[in-house]
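# Residue-level structure breakdown
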Amino acid sequence: MEFVIKTVAVIGAGTMGAGIAQVAAQSGYQVVLFDLEQGKAEQAKSIIAERLEKRVANGKMSLIAKDTLLDAMYCSDALQDVAGADLVIEAIVEDLAIKQSLFRDLESICREDCLLSTNTSSISVTSIASALAKPERFVGLHFFNPAPLMKLVEVVRGIATSPTATEAAKAWSESCGKHAVITRSLPGFIVNRVARPFYAEGLRALECGVADVQDIDQIITQAGQFNMGPFELMDLIGHDVNYAVTKSVYDAYYQDKRFTPSLTQKELVEAGFLGRKSGRGFYCYDGSTDKPSVNLAQKYVLPERLSVSLLGDWSGVPSFVELTQLPNSYSNEGAPQLCVNDIIVTPTQGVTASELSEQLQSPVVVFDYCQDYGASDIIAIAPALQNNANQTEAVIAYFQSKGKQVLVLDDYPGLILWRTWVMLINEALDLVNQQGASLADVDVAMKSGVNYPLGPIEQGERLGWQRVLDTLTHLQSFYCEERYRPSPLLRQFTIKVKGGAA
C-alpha cells in the first residue's frame, strides 16, 4: 500500500500535540487538530499564534508565513472530522487501553490508505497496534519536546508494521525538516534506553560519596562537553518523569540490573522535590542564580626537584600529550604513564589507583577522561590510598601548572566521565545487537535528541573498542554485578579490530 500524505490529523491538543500540529502546518501540510474537550484545540491554536507573533516581532518569521501556517490549521472536537486525513498522529494520555480504543475508532473512520501513528514515548507500539484489524499501517512517530525545535523523530516499527508504512513515516518526518531514525518497538526506543547510564552513573557516584552533585555535573560539562550534567538535566526533566521512565524500562526488561532505578531519585520523588518545576531537586530554584561551588583542590607549589616524562602508548589520548608538551612517539608499548618524580599518573580504564599501586609497587594517581585535555578547564584525579600527601600534592601542582583546575575524587573505578561514556557505548551496542536500530541511527538519535557531543558509536571508535571492553570487564569484576556486563557486539568489535578487519 502506498501512502500519499497531504493532510495530517493530530489527536490531542496538549503541549506535544500542538507542537506536532505546528510542525506539520509550517511544513506545508493541511492540519486537523482534534481534541475531545470542547474549545481546547482552538485554545492550543491561539497559543501557537501568540508564539508565532513573537517570531514575527523578532524578525524570525514573516507575517505572510505566520498567516499561511495558521490558515492551514483546522480545529475540531468531532473525531469524524479526521476522516479525510492521510496521516493521523495520536498525542494523548499514556494509557494503553485508551489509545487502543481511540485507534479502533480511527480505523473505522479513516480510509484504508491512511497511515496511523502514535507519539507514545513509553508504550509498546506493537501493543497499541494489536487492537487494529490492519496493524501493518500503524507506526510510532515519537517527537521530542518542544516539537517545533527538537530535530529528532524516532520512527518506531511494531512487529506487524509494514516496511512501506515505516518508510512513509520516515519520509514524512524528513519532509518536516527532522532527523528521522528507525527503531524497533523495544522499551525506551533509542534515546530513552541508551541515555539511562548518563543518569545512572552520576547517581551511583553520588550515592557512593565519590563527589558532590556540582562536581559531577562540572566534570560532565567541562571535561565531557555535554550541554548539561546529569543532575542539572534530571532537575530540568523532572524527577517524577525521569524516575518513571527508568522504572518503566527496568520493568519492561524484566528487572535487568543495567536499568535499576536509583533510591536517591525515588526519595526525591516521594518528597515532592521534582526539580525546577517544584523549586527544588538536586539544586534549589529559589530565584537565586548561585549554585554550590565546585570542590576544587587548593593551590599547590611544584616540588623544587621535578622530573616529568611520558612512557607507554598514548595514541588514544593525543590531546593529553599536547597538554604536557612532552615528547612521545606513540611507538612505545604498554599502558600510558606520565611519571611525575616517582609517581605514576595514568588515564583510568576501570582499575582503581589503589589496585594499580599494589600491582606496580609504586605511588599512582589516575585521571579522568576529557574530550579535549587542552580545552577543558578542569581535570579530575583519584590518588591511590597508598600515596602519601606529598605525592598526591605534587601531581595536583603539576596539573595546576598546566592551567587546570583539579578535582580530587575518591578512588572510584572508572571515575566519572570515562565510565559514563563506556556505559553509554555499551548500551548503544546492546540495542544494535538486539536489532533495535542501526549503528548510524543510534548516533543520529543521541546527537539530535539529547545533544550529545558525539554519538556513542563514534565515541567508541574514538576511544577504542578494546579499552571500552577492558573497562567494563574491570567494573564487572570489581562490583560482581550484571550491570556492567559487556555487550556481545562489543566483544565482536574487539575481535574484528584484533583481526585487522575494518
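Structural data are supplied above this passage.
The rules we used
Residues numbered from 1 in each chain as written. Predicted model: local features only at pLDDT ≥ 70, side-chain atom pairs only at ≥ 80, totals over all residues. Heavy atoms only, no water. Helix = DSSP H or I, 4+ residues; strand = E, 2+ residues; numbered from the N terminus. Rg over C-alpha atoms; globule rule 2.2 N^0.38 Å. Contact = heavy atoms within 4.5 Å. Areas by Shrake-Rupley, 256 points an atom, 1.4 Å probe, with all protein chains shown as cover. Lys, Arg positive; Asp, Glu negative; His and termini not counted. Charge placed at Lys NZ, Arg CZ, Asp CG, Glu CD. Pairing = 2+ DSSP bridges. Axes fitted to C-alpha atoms, helices over the stretch in contact; angles between N-to-C directions. Core = buried A, V, L, I, M, F, W, Y, C linked by side-chain atoms within 4.5 Å. Buried < 20%, exposed > 50% of the residue type's maximum accessible area, 1.4 Å probe, protein only. Right-handed = clockwise from strand over helix to strand, strands pointing away.

A tally of regular secondary structure across the chain gives 20 helices and 14 strands. By the compact-globule yardstick of 23 Å for 502 residues, the chain fits well, its C-alpha radius of gyration being 26 Å. Summarising its shape, the C-alpha atoms of the chain cover approximately 85 × 55 × 40 Å along the three principal directions. The long-range fraction of contacts in the chain, counting pairs at least 24 apart against all pairs at least 6 apart in sequence, stands at 68%. In the structure as shown, the chain presents an accessible area of about 21400 Å², 51% of it carried by carbon and sulfur atoms. Between the centroid of the 42 positive side chains of the chain and the centroid of its 58 negative side chains there is a distance of 2 Å.

The strands making up a sheet associate through hydrogen bonds between their backbones, and the pairing can be parallel or antiparallel. The eight strands lie next to each other as β3-β2-β1-β4-β5-β6-β7-β8, forming an open sheet whose pairing is mixed. Every other strand in the sheet has two partners, leaving β3 (73–76) and β8 (179–184) as the edge strands with one partner each. Each neighbouring strand pair of the sheet contributes to a mean axis angle of 25°, computed without reference to strand direction. Summarising the sheet, strand β1 (residues 7–11) and strand β4 (residues 87–90) pair through four bridges and their orientation is parallel.

Here we take up unusual backbone geometry. In this chain, N145 is followed by P146 through a cis amide linkage whose omega measures 0°. Of note, the phi angle at N451 is positive, near 60°, even though the residue is not glycine.

Our focus in this paragraph is the nonpolar core. What tends to happen in soluble globular proteins is that the nonpolar side chains get buried as a cluster. F320 and F399 are the most contacted members of the largest nonpolar core, which has 100 residues in total. Per-element accounting of this core gives the leading share, eleven residues, to helix α16 (residues 417–433). Those residues in contact with F399 that sit more than four places away from it in its chain are F320, V345, F367, I379, I381, K404 and V406. Within the second largest apolar cluster, 42 residues are counted, among which are V31, A44, L52 and C75.

On to the pairing of strand β7 (residues 152–157), then. Of all the six residues making up β7, five are buried; the element is thus mostly covered by neighbouring parts of the structure. In this sheet, β7 lies alongside strand β6 (residues 138–143) in antiparallel orientation, the contact comprising four bridges. Each residue of the ladder has a partner; that of F143, found in β7, is V153. For β7 and β8, the ladder comprises six bridges, and the chain directions are parallel. The partner of V156 across the bridge, within β8, is T183. Once you follow β7 into helix α6 (residues 163–175) and on to β8, the crossover reads as right-handed.

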